[in-house]
Amino acid sequence: MQQTNASPSLPSAATHRRPGARMIWIGQGFLLVLALVVLIVLVRNAIADPALFVQIVLGGLQLGFVYALIALGYTMVYGIVRLINFAHGDVFMVGAFVSFYAVARFQLHLWPAAVFPSMPTGLAVVIGSVTVMLLSMAVCTVLAVVIERVAYKPLRDAPRIAALITAIGVSFFLEYFGQLNFVFSAQRKIYQRPFDVVTWYISNGIHPVEPGQSLPAGSITFSNIFLIIVAASLLMQIMLQFIVRRTKMGKAMRATSFDKPTARLMGINVDLVISFTFALGAALAGLGGVLYAVAYPSISSLLGILPGLKAFVAAVLGGIGSIPGAVVGALIMGQAESLTAGYISTPMRDAVAFTILILVLLIRPTGIFGEAEKEKA
């Protein structure tokens, strides 16, 4: 009986790649069909009731710009140290509580009128409100630097899973430490806004809404809260782009993100850059906490969980590590959540948010603006 030395043939690399490529094409086709279905449903609803559709879109923009302030912190920290800082959402929560106590207990928003009685009322309100926001940003900045120095810096050279578990631990600590009675307490608190809410409606022009006024059919309403959130978020994003692109620290951040050892050899203080990145992201999260509490005036020590996770989804959707991607992803998340609540049901908005995360990870893990990591020579 003749024996052969031929060994069973091994599957080629192409054979290994083909099933994965087929699954990617199936996933992209499914996503395309799903997008078309969603687009058809949205167009039909927009035609049926244009005013309601625009109202829902405005609500999504308001929410999306708040998510953008949180998502920028996630994406910057990941871009520098490759860490998903799950405690970032709880820093956002601390910002909301700092502004709550500054307004409700210390009346900080009233200091301009008290110190300068002749100051115009509108100017005093603006200065007082900005002071509250700056205080929250400052406290969150200090908190983030302390967290980075105490919890993350000792694990700089440890496996990534160690830093990730530590971030989850810090998150739980902030949430449940905040529930202590001498801190924030476990009770939900009604947020006192530092300024009065003014609402306008659009119907043959823009008109202020008077107390007890019945609005014309088909009118669209918006408030000064919406304008403040959009303006503040856009201003912070412009400042962030300026810092990253035009300043020496921004250049150091980009160099550190690209290659830490080489950045050290070039004389860059990498530890300082990392601390600055945490501080900058936390300042944006603190502002986001104030704006979120102003828009949705009910806060608790668990406030940062869902907004933080949704902002993380937004960062992944846009391409984590990409600043424009974080903003675009946040706006998409805001619209998805608002449209789901408006046309399907409110509880479904959270399910849709995390379904988006699953689809992105399955079909395009790098996100919209993200690029696959390349090995450095």
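Right, let's talk about the overall build of the chain for a bit. Scanning the chain for helices and strands turns up 13 helices and 5 strands. With respect to the principal axes defined by its C-alpha atoms, the chain has extents near 105 × 55 × 45 Å. The buried share among the 377 residues of the chain stands at 43%. In the chain, 74% of the contacts between residues at least 6 apart in sequence involve partners at least 24 apart. About 20,300 Å² of surface is accessible on the chain, with carbon and sulfur atoms providing 69% of the total. Put simply, the chain has 25 plus and 14 minus side-chain charges, and the middle of one group is 7 Å from the middle of the other.

On the surface, Arg-245, Arg-246, Lys-248, Lys-251 and Arg-254 cluster together into a patch of positive charge. Those elements that place two or more of their residues in the positive patch are α7 (224-246) and α8 (248-258). Examining the composition of the positive patch, we find that 3 residues originate from one element, α8, more than from any other. Considering the arrangement of structural elements, one finds Arg-245 in helix α7.

Here Ile-127 shows up in helix α5 (residues 121-152). For the pair Ile-127 and Arg-246, spaced 119 residues apart in sequence, the C-alpha to C-alpha distance is 28 Å. Look past the residues within four positions of Ile-127 in its chain and what remains in contact with it is Trp-111, Pro-112 and Met-119.

It is worth spelling out the sheet that holds strand β2 (residues 199-202) at this point. Sheets are built from strands paired through backbone hydrogen bonds, the pairs being either parallel or antiparallel. The antiparallel open sheet is built from 3 strands, whose spatial order is β3-β2-β4. Two strands in the sheet have a free side with no partner beyond their single neighbour: β3 (206-208) and β4 (220-223). On average, adjacent strands in this sheet sit at an angle of 30° to one another, irrespective of strand direction. Sitting on the sheet, α7 is in contact with β2 and β4, with an inclination near 60° to β4.

Let us look at the packing of aromatic side chains. Under the counting rule described, the total for this entry stands at 15 aromatic pairs. On the numbers, 5.2 Å between centres and 15° between planes, the contact of Phe-173 with Phe-177 is stacked. Of this pair, Phe-173 and Phe-177 are both found in helix α6 (residues 160-177), 4 residues apart, which corresponds to roughly one turn of the helix. In this structure Phe-177 comes out as partly exposed when scored by relative accessible area, which is 34%. Here the aromatic residues Phe-97, Phe-100, Tyr-101, Phe-184 and Tyr-191 are joined through ring pairs into a cluster of three or more.

Okay, helix α2 (residues 50-81) next. Between its terminal C-alpha atoms α2 stretches 45 Å, which fits the 46 Å expected from 32 residues at 1.5 Å a residue. By the largest-angle criterion, Ile-70 marks the main kink of α2, which is about 25°. Of all 32 residues making up α2, 23 are buried, and the element is well covered by its neighbours. Remark: Arg-82 follows α2 within two positions and exhibits a positive phi of approximately 55°.

If you check helix α3 (residues 88-104), its first and last C-alpha atoms are 25 Å apart, about what 17 residues at 1.5 Å a residue would give, namely 24 Å. Buried residues dominate α3, accounting for 16 of its 17 residues.

Moving on to a nonpolar patch on the surface. A surface patch of nonpolar side chains, amounting to about 500 Å² of accessible area, comprises Ile-168, Phe-172, Tyr-176, Leu-302, Ile-305 and Leu-306. Looking at the nonpolar patch, the elements that each hand over two or more residues are α6 and α11 (305-318). For the nonpolar patch, the leading source of residues is α6, giving 3 residues. In this fold, Tyr-176 is placed in helix α6.

With that settled, consider the confidence of the model for the chain. Scored by pLDDT, the chain has a mean of 89; 91% of the residues are at 70 or more. Contacts for the low-pLDDT stretch residues 6-17, under 50 throughout, to residues beyond four places or in other chains number 1 contact.

Tyr-152, Leu-240, Leu-287, Leu-291, Ile-299 and Met-333 are the most contacted members of the largest nonpolar core, which totals 89 residues. In terms of residue count, the dominant contributor to this core is helix α10 (residues 270-295) (16 residues). Other than its neighbours up to four places away in sequence, Leu-240 contacts Leu-72, Met-76, Leu-280, Leu-284 and Ile-323.

Looking now at the packing of α2 against α7. Look at α2 against α7: their axes get within 9 Å of each other, and the N-to-C directions meet at 30°. Looking at the two axes, α2 sits roughly parallel to α7. Considering how the two elements wind past one another, α2 and α7 form a crossing that is left-handed. Contact residues: Leu-58, Leu-61, Gln-62, Phe-65, Val-66, Ala-68, Leu-69, Leu-72 and Met-76 in α2; Ile-225, Phe-226, Ile-229, Val-230, Ser-233, Leu-234, Met-236, Gln-237 and Leu-240 in α7. Among the residues making up the contact of α2 with α7, the classes are represented as 15 nonpolar, 3 polar and no charged.

Criteria and thresholds
Residues numbered from 1 in each chain as written. Predicted model: local features only at pLDDT ≥ 70, side-chain atom pairs only at ≥ 80, totals over all residues. Heavy atoms only, no water. Helix = DSSP H or I, 4+ residues; strand = E, 2+ residues; numbered from the N terminus. Buried < 20%, exposed > 50% of the residue type's maximum accessible area, 1.4 Å probe, protein only. Contact = heavy atoms within 4.5 Å. Areas by Shrake-Rupley, 256 points an atom, 1.4 Å probe, with all protein chains shown as cover. Lys, Arg positive; Asp, Glu negative; His and termini not counted. Charge placed at Lys NZ, Arg CZ, Asp CG, Glu CD. Patch = residues over 30% accessible without salt bridge, like charges linked within 9 Å, V, L, I, M, F, W, Y side chains within 5 Å. Salt bridge = Lys/Arg side-chain N within 4 Å of Asp/Glu carboxyl O. Pairing = 2+ DSSP bridges. Axes fitted to C-alpha atoms, helices over the stretch in contact; angles between N-to-C directions. Phe/Tyr/Trp six-rings, centres within 6.5 Å; stacked < 30°, edge-to-face > 60°. Expected span 1.5 Å × (residues − 1). Bend = angle between axes of the 7 residues up to and from the residue. pLDDT = per-residue confidence, 0-100. Core = buried A, V, L, I, M, F, W, Y, C linked by side-chain atoms within 4.5 Å. Parallel < 35°, antiparallel > 145°, perpendicular 65-115°, else oblique. Left-handed = near helix turned anticlockwise from the far one by under 90°. Nonpolar A, V, L, I, M, F, W, Y, C, P; charged D, E, K, R; others polar.

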